[in-house]
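Each chain is listed here by its residues.
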Amino acid sequence: MKRRQASHLGEPVTPDLLMTPSDQGDGDLEIDFTADRGNWTGKLDFLLSCIGYCVGLGNVWRFPYRAYTNGGGAFLVPYFIMLTICGIPLFFLELSLGQFSSLGPLAVWKISPLFKGVGVAMLIIVSLVAIYYNMIIAYVLFYLFASLTSHLPWQHCGNWWNTDLCLDHHAMREANSTMPLNLSNTVSPSEEYWSRYVLHIQGSTGIGDPGEIQWKLCLCLLLSWVIVFLCILKGVKSSGKVVYFTATFPYLILLMLLIRGLTLQGAWRGIQFYLTPQFDHLLTSKVWIEAALQIFYSLGVGFGGLLTFASYNTFHQNIYRDTFIVTLGNAITSILAGFAIFSVLGYMSQELGVPVDQVAKAGPGLAFVVYPQAMTMLPLSPFWSFLFFFMLLTLGLDSQFAFLETIVTALTDEFPYYLRPKKAIFSGTICVAMFLMGLILTTDGGMYWLVLLDDYSAGFGLMVVVITTCLTVTRVYGIQRFCRDIHMMLGFKPGLYFKACWMFLSPATLMALLVYSIVKYQPSEYGTYRFPYWAELLGILMGLLSCIVIPACMLAAVLREEGTLWERIQQASRPAMDWGPSLEENRTGMYVATLAGSQSPKPLMVHMRKYGGVTSFENTAIEVDREIEEEESMM
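Residues numbered from 1 in each chain as written. Predicted model: local features only at pLDDT ≥ 70, side-chain atom pairs only at ≥ 80, totals over all residues. Heavy atoms only, no water.

Q: Tell me about the overall build of the protein chain, residues and numbers included.
A: What the protein chain contains, in helices and strands, is 27 helices and 2 strands. Every one of the 635 residues in the protein chain was classed for burial, and the buried ones make up 56%. When contacts within the protein chain are restricted to residue pairs at least 6 apart in sequence, long-range pairs at least 24 apart make up 80% of them. Counting only carbon and sulfur atoms, one obtains 65% of the accessible surface of the protein chain, whose full area is about 26,900 Å². (Helix = DSSP H or I, 4+ residues; strand = E, 2+ residues; numbered from the N terminus. Buried < 20%, exposed > 50% of the residue type's maximum accessible area, 1.4 Å probe, protein only. Contact = heavy atoms within 4.5 Å. Areas by Shrake-Rupley, 256 points an atom, 1.4 Å probe, with all protein chains shown as cover.)

Q: Could you give an account of the packing of helix H3 (residues 45-54) against helix H16 (residues 319-352), naming the residues involved and the relevant values?
A: Axis separation between H3 and H16 bottoms out at 10 Å; the angle between their running directions is 30°. In terms of crossing hand, the pair formed by H3 and H16 is right-handed. Here H3 contributes Phe46, Leu47, Cys50, Ile51 and Cys54 to the contact with H16, which in turn contributes Ile319, Asp322, Ile325, Val326 and Asn330. (Axes fitted to C-alpha atoms, helices over the stretch in contact; angles between N-to-C directions. Left-handed = near helix turned anticlockwise from the far one by under 90°.)

Q: Let's hear about unusual backbone geometry: which residues, and what values?
A: What is expected of a backbone is that most residues other than glycine have negative phi and most peptide bonds are trans. At serine 102, a position not held by glycine, the phi torsion is positive, near 55°. Mapped onto the fold, serine 102 is located in the loop between helix H6 (76-101) and helix H7 (116-146). Judged by its relative accessible area of 7%, serine 102 is buried. Notably, leucine 380 is not glycine yet its phi reads approximately 55°, a positive angle. Relative accessible area serves as the criterion here: at 63%, leucine 380 is assigned to the exposed category.

Q: Which residues make up the state of the cysteines, and what values do they have?
A: Cysteine pairs can be linked by a disulfide, which is a covalent bond between their two sulfur atoms. According to the stated counting rule, one finds 1 disulfide in the structure shown. Cysteine 157 shares a disulfide with cysteine 166; S-S distance 1.9 Å. What sets the handedness of the cysteine 157 and cysteine 166 disulfide is the S-S torsion sign, and at about -80° it is left-handed. Take cysteine 157: its relative accessible area is 23%, and that puts it in the partly exposed class. (Disulfide = S-S within 2.5 Å.)

Q: Can you break down the packing of helix H21 (residues 446-456) against helix H24 (residues 533-560) residue by residue, with the values?
A: Across the interface, H21 lies against H24 with an axial gap of 9 Å and an inter-helix angle of 40°. As far as their axial angle goes, H24 and H21 are oblique. Crossing handedness for the pair H21 and H24: right-handed. On the side of H21, the interface is formed by Trp449, Leu452, Leu453 and Tyr456, while H24 contributes Trp534, Ala535, Glu536, Leu538, Gly539, Ile540, Met542 and Gly543. Among the residues making up the contact of H21 with H24, the classes are represented as 9 nonpolar, 2 polar and 1 charged. (Parallel < 35°, antiparallel > 145°, perpendicular 65-115°, else oblique. Nonpolar A, V, L, I, M, F, W, Y, C, P; charged D, E, K, R; others polar.)

Q: So what's going on with the confidence of the model for the protein chain? Residues and values would help.
A: The share of residues in the protein chain with pLDDT of 70 or more is 85%, and the mean pLDDT across the chain is 85. pLDDT under 50 marks residues 1-35. Its contacts with residues more than four places away, or in other chains, come to 42 contacts. Segment residues 598-615 is flagged for pLDDT under 50; beyond a separation of four residues in sequence, or across chains, it makes 48 contacts in the model. (pLDDT = per-residue confidence, 0-100.)

Q: Can you explain the packing of aromatic side chains? Please cite residues and give values.
A: For the coordinates displayed, the defined rule picks out 62 aromatic pairs. On the basis of an interplanar angle of 10° and a centroid distance of 6.3 Å, the ring pair of phenylalanine 368 and phenylalanine 389 is categorised as stacked. With a gap of 21 residues between them, phenylalanine 368 in helix H17 (residues 364-375) and phenylalanine 389 in helix H18 (residues 381-414) connect regions that are remote in the sequence. Aromatic side chains tyrosine 371 and phenylalanine 388 sit 4.2 Å apart centroid to centroid with 25° between the ring planes, which places their arrangement in the stacked category. In this pair, tyrosine 371 is assigned in helix H17 and phenylalanine 388 in helix H18, connecting sequence segments 17 residues apart. Of the residues examined, tyrosine 371 reaches a relative accessible area of 0% and is grouped as buried. On the basis of relative accessible area, phenylalanine 388 is assigned to the buried category, the value being 1%. Above the face of the tyrosine 197 ring, lysine 216 is positioned so that its terminal group lies 5.2 Å from the ring centre. (Phe/Tyr/Trp six-rings, centres within 6.5 Å; stacked < 30°, edge-to-face > 60°. Lys NZ or Arg CZ within 6 Å of the ring centre and 35° of its normal.)

Q: Go over the side chain of serine 298, please, and point to the residues and values.
A: If you trace the backbone, serine 298 turns up in helix H14 (residues 285-298). Not counting chain neighbours up to four residues away, the residues in contact with serine 298 comprise Cys54, Asn59 and Asn330.

Q: Lay out the environment of glutamate 192 with the relevant residues and their values.
A: With respect to the helices and strands, the residue glutamate 192 is situated in helix H9 (residues 189-198). For the pair glutamate 192 and cysteine 157, spaced 35 residues apart in sequence, the C-alpha separation works out to 9.0 Å. Ignoring anything within four residues of it in the chain, the contact list for glutamate 192 reads Trp161, Asn162, Thr163, Cys166, Val187 and Tyr197. At 2.4 Å, the side chain of glutamate 192 and the side chain of threonine 163 are in polar contact. (Polar contact = N/O pair within 3.5 Å; in protein donor to acceptor, adjacent residues only side chain to side chain.)

Q: I'd like to hear about a nonpolar patch on the surface, residue by residue, with values.
A: Together, Phe145, Leu148, Leu219, Leu222, Leu223, Val226 and Leu230 give the surface a local cluster of nonpolar side chains, amounting to about 650 Å² of exposed area. Residue contributions to the nonpolar patch peak at 5 residues, all from helix H10 (residues 215-231). Along the polypeptide, phenylalanine 145 turns up in helix H7. Here phenylalanine 145 falls in the partly exposed class, since its relative accessible area comes to 44%. (Patch = residues over 30% accessible without salt bridge, like charges linked within 9 Å, V, L, I, M, F, W, Y side chains within 5 Å. Salt bridge = Lys/Arg side-chain N within 4 Å of Asp/Glu carboxyl O.)

Q: Talk me through H21; I want residue IDs and the actual numbers.
A: Structurally, the α-helix is built with 3.6 residues per turn, so residues lying three or four positions apart point the same way. Burial of H21 is extensive: 9 of the 11 residues sit out of reach of the surface. Of the positions making up H21, those classed as buried are Gly446, Met447, Tyr448, Trp449, Leu450, Val451, Leu452, Leu453 and Tyr456. Taken together, the buried residues of H21 touch H7, H9, strand E1 (525-526), strand E2 (529-530) and H24.

Structure representation (structure tokens):
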């Protein structure tokens, strides 16, 4: 009415698209994230979620062991080189894909529908990992509750689960502190507590004989799934708040453990063992491969978690800065965790009178056998044990949140009309299904199945996923176009460093990793147990499943198109019509008016209409438009 009256009076009329909010009112100007999808509600939600996702159990129980077995301090040289070549560029690439499109791991392949199988492969891998990862959290919960006592149950022999081989090292050292212990043919109380009481592995003869369900483990697994479900109940709005605690509190505990470890006698012995550089190791390919593997798995590239988290960002979130904060913070955390672990192991080796390499282990052996045993040698051992396992709990939960959010987001983005209105119910259904699938891990032989899943679920299949993603974005979609998208999003283009890594260095390194993992393949084992051939075959098929779906989905995409085979492949390789930023106001150049129901011919005008002026990002949009027009005129 206001505009019509002004027209009658002969006053100049401001076009709709150029009206400011004060002129137009607030009626239809709420152009923001689609409310039903959700987004981060705080400035630090995304950053802390990424830190919590990347900084996990592997930083505590894998990095320190890898470092000391591969040259000590010299290992840091290939570690940071691989971080530069692979870690940082691939991390930034995955964040850029998610933030630019605001889509999950399945729907994001509108960028090139021919390769949608990569998204399916991500979903398979992350689902398999989520099943057994929560079992590890269940073990941590078990030990956490067991620490709520005045005397730790794995401190002494003489319990019903102990055997004649059990040697109470603590009592022996008190009896005669001058004689070094002979550890051959003996078992520590903590090791028997882990294998015979917690796992009850003596009830199984192997992977083909799972035995009975251990109800204490089953209840811990149920509790871990309940915790995960409650934290992801409202998607990133709820998990984004939980990470303010779960992503920061582990650092406080790690600092406490580090300070306590450094004050122990013999601590320097362990640290020296951990960091003494052996530069001759750098001449072997194994050290460089190990460094690349540590970076690859530690940052969580290829699982879809980074892509999912970035998809809930605002379009202009500075993920360039966040990339360096998270990747470098993850590396520093790994190094600090090594000090905290090896200072205690040095004290333990001195108390037992044995070399450090006889007490140092990796993986569950460190978390559930060696470190708990070291805790029994400290004053107030239940307190330190509780802190250690509470740290592992918070480290594990962050990663598990990311795994579940990835699965839920991928499917709700793919089927929004059916699943998004019932996202909470769908999340609960996923948790229940995975709990039921994980019940075999709570049996007497559950550890055998966990080892099989750990060895094969995210092995060579994950490398194939990341290599294909990198090549698709740079070669099929086009490196120039991808850099232009980032320019539109962040206001600047990636430099030569990122282009060189995406085009050559990162794919070449990952190909070398893939070839190495195939050539150096070793059958799975757990202690002295060797897996039967059928179990090995099952594991290999599990790993191949994520690879097979990629060509299968490519075939399906080609069959949906029309024309000759080459024309079908070309059509399936092109981005979908609605590929691009999710909000119309962020779409420029080739992305203008490609959204379903789009009515505005120029997103720049939408910006001016909403904000009443032109910002630096709108200037970027103008530059991108001009650049595209110049390219089209040259063609």
